[in-house]
Amino acid sequence: MTKSAIDAATAISVMDLFTIGIGPSSSHTVGPMRAALMFMDTLPQTPVRVQCELFGSLALTGRGHATDSAILLGLSGYRPESVDPDAIGSILAAIRTDGRIRAGSAVDHWLPFEEARDLLFHMGDFLEAHSNGMRFTAWLDGRDDPIVRDYYSIGGGAVLPGVVPVSDDAPLGHNVVQPWPFSSGAEMLAQGDVSGLSIATLVLRNEGAWRVQAETEAFLDNVIDAMSASIDRGLMQEGLLPGGLKVRRRARAIHQRLRLQQDALGPAQIFEWVSLFALAVNEENAAGGRVVTAPTNGAAGVIPAVLHYYRRFVPGADRDGERRFLLTAAAIGFLYKKRASISAAEMGCQGEVGVACSMAAAGLAAVLGGTNTQVENAAEIGMEHNLGLTCDPIGGLVQIPCIERNTMGAVKAINAAYLALQGDGRHIVSLDAVIETMRQTGEDMASRYKETSLGGLAVNVVEC
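Since the model is a prediction, treat every value here as computed from it, not as a measurement.

Conventions adopted
Residues numbered from 1 in each chain as written. Predicted model: local features only at pLDDT ≥ 70, side-chain atom pairs only at ≥ 80, totals over all residues. Heavy atoms only, no water. Pairing = 2+ DSSP bridges. Helix = DSSP H or I, 4+ residues; strand = E, 2+ residues; numbered from the N terminus. Axes fitted to C-alpha atoms, helices over the stretch in contact; angles between N-to-C directions. Contact = heavy atoms within 4.5 Å. 1 Å grid on protein atoms, 1.4 Å probe; cavity = no way out; pocket = protein on both sides within 12 Å on 5 of 7 lines; lining within 4 Å. Points joined across faces, edges and corners; volume = space filled by probe spheres on them. Nonpolar A, V, L, I, M, F, W, Y, C, P; charged D, E, K, R; others polar. Domains from an automatic or database assignment. Core = buried A, V, L, I, M, F, W, Y, C linked by side-chain atoms within 4.5 Å. Buried < 20%, exposed > 50% of the residue type's maximum accessible area, 1.4 Å probe, protein only. Phe/Tyr/Trp six-rings, centres within 6.5 Å; stacked < 30°, edge-to-face > 60°. Lys NZ or Arg CZ within 6 Å of the ring centre and 35° of its normal.

Enquirer: Tell me about the sheet that holds strand β8 (residues 158–161), residues and numbers included.
Expert: The pairing of strands in a sheet comes from backbone hydrogen bonds and takes either a parallel or an antiparallel form. Spatially, the five strands line up as an open sheet ordered β5-β2-β6-β7-β8, and their pairing is mixed. Looking at strand neighbours, the two that pair on one side only are β5 (119–121) and β8, the edges of this open sheet. Along the sheet, successive strands turn relative to each other by an average axial angle of 25 degrees, direction set aside. As judged from the six bridges shared by strand β6 (residues 132–139) and strand β7 (residues 147–155), these two strands associate in the antiparallel manner. Bridge pairing links A138 to I147 in β7. Seen against the sheet, helix α4 (residues 67–75) touches β2 (49–55), β5 and β6 and runs at an angle of roughly 150 degrees to β2.

Structure, rendered in structure tokens:
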């Protein structure tokens, strides 16, 4: 297994897989923000100084992924799910102008902070456990030795304290007893056969180990609404995306054009709408706006776009179907987290857009009436044709090729779902086989193609 793979017996919740946060990256923005806040909250007293050191992919592409901003926000007590994206610019400007940060969640307690001294990028250096490593140091009044702790952002916004090696007994999930547990595609199908339940219902029953069904459904509704809001906001914005590449937002102009063609809606136009939905979300993500990690920020547009396709173009679509879509997609996401990784720094983009495509294909197949085996087949098709996808963002920004890649992933997911529904669920390559192939491919992939901006498009396209 990869270093961040979760033990098969460890339970994962839909609340772990889908989280509401800010862009542009779950592993490079959301995770580091959470780690910084986690570090501050675990200190026995308010420090007199703090320092953060970034390693691996966080150092190599951190500035393009807003890791530096995320660290400053986290140390100052802000959370990715609640910070106002529109206020971030002024918060960071004040920190850099005044040379001080708020001490975590402490009220009116400030620390001196010199970014050149206290936020260090160790280019080319890696911590042992994971390529997304952070080291925090705090100096306390009256204590000779500083407190030093390592954290790892392991994908999808999840953070692991570096208390033990990631590959050993690290608590990456929850120790609960689920009524219908599964850690492989084969086990998932077997549980469905024994229980007579759909994959979505298996997941919903398992969520009952944590909370009552109404709370799970309320959470899903919040996720659905946040996904819709990210599309709506993305369709209204225009101008250049931040970062220096001078990438212009396209979603608003495309939306205006497509609205004029609605009377002549055909298959080609439907796919243009799907691409537009994904484009809108990922332009929002690239601008640091509010998106849903699904299962990562770099792939945040795939599942919302396919879910919006279901809502808009499938007769009889309703909120219950949207919930079943997400529950089914979550089941597939659990398998990738348990058996491989959703971190581009480990797997390349096959672990982000590829996984999102696989999840979305399964969700759509389910709400279109697919059997459990057809759903598993759709998920397999969705990943099989993303194998080997590299992560080589130009300038370390989640823009090129990331934004357009989400449109491709969304369209491919719809295609995979309909292909699976044309069959009876029997197929040669199992979902488990394709997940294992993805894992092996990710481990064999040269590190320069895994979110380092040291290979591929990142070095063959001259930045403007």
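Picking up where we left off.
Enquirer: With reference to specific residues and values, describe empty space enclosed by the protein.
Expert: Empty space among the atoms can be located by rolling a probe the size of a water molecule over them. Within this structure, the stated rule accounts for three cavities of 30 Å³ or more. Quantified by volume, the largest cavity comes out at close to 110 Å³. Around the largest cavity, the lining is made up of 13 residues, and of these G298, E352, C391, V398 and C402 lie nearest the centre. Each residue belonging to the lining of the largest cavity can be placed in one class, and the counts come to seven nonpolar, four polar and two charged.

Enquirer: Summarise the layout of surface pockets; cite the residues concerned and give the values.
Expert: Empty space within the largest pocket amounts to approximately 490 Å³. Every residue lining the largest pocket is counted, 29 residues in all, and those nearest its centre are A66, P242, A286, A287 and G288. Elements represented by at least two residues in the lining of the largest pocket include exactly α2 (26–42), α4, α5 (88–98) and α11 (267–286). If you tally residues by element for the lining of the largest pocket, the top one is α4, at four residues. For the lining of the largest pocket, the domains that each give at least three residues are domain 1 (26–161) and domain 2 (185–449).

Enquirer: Give me the nonpolar core: which residues, what numbers.
Expert: In this structure, F18, I303, F325, L326, Y336 and L364 are the most contacted members of the largest nonpolar core, which totals 93 residues. It is helix α15 (residues 353–367) that provides the largest number of residues to this core, a total of 12 residues. Among residues more than four places away in sequence, those in contact with F325 are I303, V306, L307, A360, G363, L364 and V367. Ranked by size, the runner-up nonpolar core spans 35 residues in total, among them M40, L43, L92 and A103.

Enquirer: Describe in detail the packing of aromatic side chains, supporting the description with residues and values.
Expert: The final tally for this structure, using the stated rule, is five aromatic pairs. Ring plane angle 40 degrees and centroid distance 6.0 Å describe the contact between W273 and F277, whose orientation is recorded as tilted. Placement of the pair is W273 and F277 together in helix α11, with a separation of four residues, close to one helical turn. For F277, a relative accessible area of 1% puts it in the buried group. An aromatic cluster is defined as three or more aromatic residues linked by ring pairs; in this entry it consists of F39, F136 and Y151. A cation over an aromatic ring shows up here: R100 above the ring of W110, its NZ or CZ 4.2 Å from the ring centre.

Enquirer: Requested: an account of the environment of V48, with residues and values cited.
Expert: If you trace the backbone, V48 turns up in the loop between α2 and β2. V48 gets classed as partly exposed once you look at its relative accessible area, which sits at 42%. In this structure the C-alpha to C-alpha distance between V48 and R143, which are 95 residues apart in sequence, comes to 11 Å. Setting aside residues up to four positions removed in sequence, V48 forms contacts with L111, P112, W139, L140 and D141.

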